[in-house]
Amino acid sequence: MKSNENYPFNPEVGQPAELTDGTWADFQKGNPNQKPLDKARQNEALAREAVAAAKEKEQPDPKEFIHSFGRGIIRMRVIKQQETLEHDSRSWDTFEPTR
Amino acid sequence: MANVLKKALSLLVGDPSQVKLTMPKSRPLKKLTERELLQLESEIGAKLFGEVPAGHRREFFCLDEKTWIWYEEWVDPKTKKRQQTTTRYEVHEKGILKVMEGARYMFIQGAELDNLVLATRMYYEQVARHVYKTDPYTGQKLAQG
């Protein structure tokens, strides 16, 4: 365990995961009768911390970046063409030659 | 008599020689084809990498959502022959595949990959603003100046 302060923090819901079973509450109160965390729980906590740390360090995938820019361009291109077509049909309805 | 009739007709329907069809500057009747939009985009894309050398023609554009094209054309000073090269960058599951003439292909990495990410980002931002008048971050239409 790196830090008891974060265990057993559940990042999914933003609160201690085991608040209801008394363990975490006892720990916060400094209950002298609290049993030490078992090995399985320690490992679980370590794994959770490792995953969270890895997510923080994770760099965005360059190919996903490039793909997302491509998607954005195509989306704007399609919208532009649709707008032009709509504009055309409206213009013909109200078109009057200018003298 | 003929002159009077001509003048009367002119007053009624106007002088045909004076009629001008003036198209609005925004050309509302002009339909922009995909090709024309690509050309507008490519004008921006070509300038992303600095000054194009004299005698060169460069194009850089997004062909489809997974394909980016770099085209360069120039005259060889020794042979005086026109040269051209096309490089295609394709998004694949495994990475970005660079495809060149002569069945040369490789997944790019390092500085080339970093530069391509930067180039596509600049392309997206500038094309969004200047061709599609759209805020690249929000996707909202920019106010027409």
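An account of the accompanying structure is given in this report. Since the model is a prediction, treat every value here as computed from it, not as a measurement.

Observations regarding helix H2 (residues 34-46) of chain B
Here H2 of chain B is 13 residues long and its end C-alpha atoms lie 18 Å apart, about the 18 Å a rise of 1.5 Å per residue gives. If you check which residues of H2 of chain B are buried, you get Leu 37, Leu 38, Glu 41, Ser 42, Ile 44, Gly 45 and Ala 46 of chain B.

Here we look at the packing of H2 of chain B against helix H3 (residues 110-130) of chain B
Between two packed helices, the angle of one axis relative to the other and the distance separating the axes together describe the packing. Residues and elements named next belong to chain B. Packing of H2 against H3 brings their axes to within 10 Å, and their N-to-C directions diverge by 130°. Our classification of the angle between H2 and H3 gives oblique. The hand of the H2/H3 crossing is right-handed. Residues Glu 41, Ser 42, Ile 44 and Gly 45 of H2 form the contact with H3, whose participating residues are Tyr 123, Gln 126, Val 127 and His 130. Split into classes, the residues belonging to the contact of H2 with H3 amount to three nonpolar, four polar and one charged.

Digging into the packing of aromatic side chains
Residue and element names in this part refer to chain B. Counted under the stated rule, the structure contains eight aromatic pairs over all chains. Pairing Phe 49 with Trp 70 gives two aromatic rings, centres 4.5 Å apart and planes at 55°, and the pair type is tilted. Placement of the pair is Phe 49 in the loop between H2 and strand S1 (57-64) and Trp 70 in strand S2 (residues 67-75), with a sequence separation of 21 residues. Given the relative accessible area of 22%, Trp 70 is considered partly exposed. Between Phe 60 and Trp 68, the aromatic rings sit 5.7 Å apart at their centres with planes inclined by 25°, giving stacked as the arrangement. You can call Phe 60 buried: its relative accessible area is 1%. A connected cluster of aromatic rings, assembled from ring pairs, spans Phe 49, Phe 60, Trp 68, Trp 70 and Tyr 123.

A word on the nonpolar core
Judged by nonpolar contacts, the single largest core of 29 residues is most densely connected at Ile 66 of chain A together with Trp 68, Ile 96 and Tyr 123 of chain B. At the level of secondary structure, the elements contributing two or more residues to this core comprise helix H3 (62-94) of chain A together with H2, S1, S2, strand S3 (82-92) and H3 of chain B. Among the elements that take part in this core, H3 of chain B stands out by supplying eight residues, more than any other. If sequence neighbours within four positions are ignored, Ile 66 of chain A has contacts with Trp 68, Val 91, Ile 96, Leu 113, Leu 116, Val 117 and Thr 120 of chain B.

A word on unusual backbone geometry
All names here are of chain B. Despite not being glycine, Lys 80 has its phi angle at roughly 60°, a positive value. Its place among the elements puts Lys 80 in the loop between S2 and S3. Using a relative accessible area of 62% as the deciding quantity, one classes Lys 80 as exposed.

Let's talk about the pattern of salt bridges
Residues and elements named next belong to chain B. Considering all chains together, one arrives at 11 salt bridges over all chains under this definition. Salt-bridge contacts for Arg 57 lead to Glu 73; the nearest nitrogen and oxygen are separated by 3.7 Å. In this pair, Arg 57 is assigned in strand S1 and Glu 73 in strand S2, connecting sequence segments 16 residues apart. Of the residues examined, Arg 57 reaches a relative accessible area of 39% and is grouped as partly exposed. Note that Glu 73 is salt-bridged to Arg 82, the shortest N-O span being 2.8 Å. If you follow the salt bridges from partner to partner, you end up with Arg 57, Glu 59, Glu 73 and Arg 82 in one network.

Reading guide: rules and limits
Residues numbered from 1 in each chain as written. Chains lettered and ligands numbered in written order. Predicted model: local features only at pLDDT ≥ 70, side-chain atom pairs only at ≥ 80, totals over all residues. Heavy atoms only, no water. Helix = DSSP H or I, 4+ residues; strand = E, 2+ residues; numbered from the N terminus. Expected span 1.5 Å × (residues − 1). Buried < 20%, exposed > 50% of the residue type's maximum accessible area, 1.4 Å probe, protein only. Axes fitted to C-alpha atoms, helices over the stretch in contact; angles between N-to-C directions. Parallel < 35°, antiparallel > 145°, perpendicular 65-115°, else oblique. Left-handed = near helix turned anticlockwise from the far one by under 90°. Contact = heavy atoms within 4.5 Å. Nonpolar A, V, L, I, M, F, W, Y, C, P; charged D, E, K, R; others polar. Phe/Tyr/Trp six-rings, centres within 6.5 Å; stacked < 30°, edge-to-face > 60°. Core = buried A, V, L, I, M, F, W, Y, C linked by side-chain atoms within 4.5 Å. Salt bridge = Lys/Arg side-chain N within 4 Å of Asp/Glu carboxyl O.

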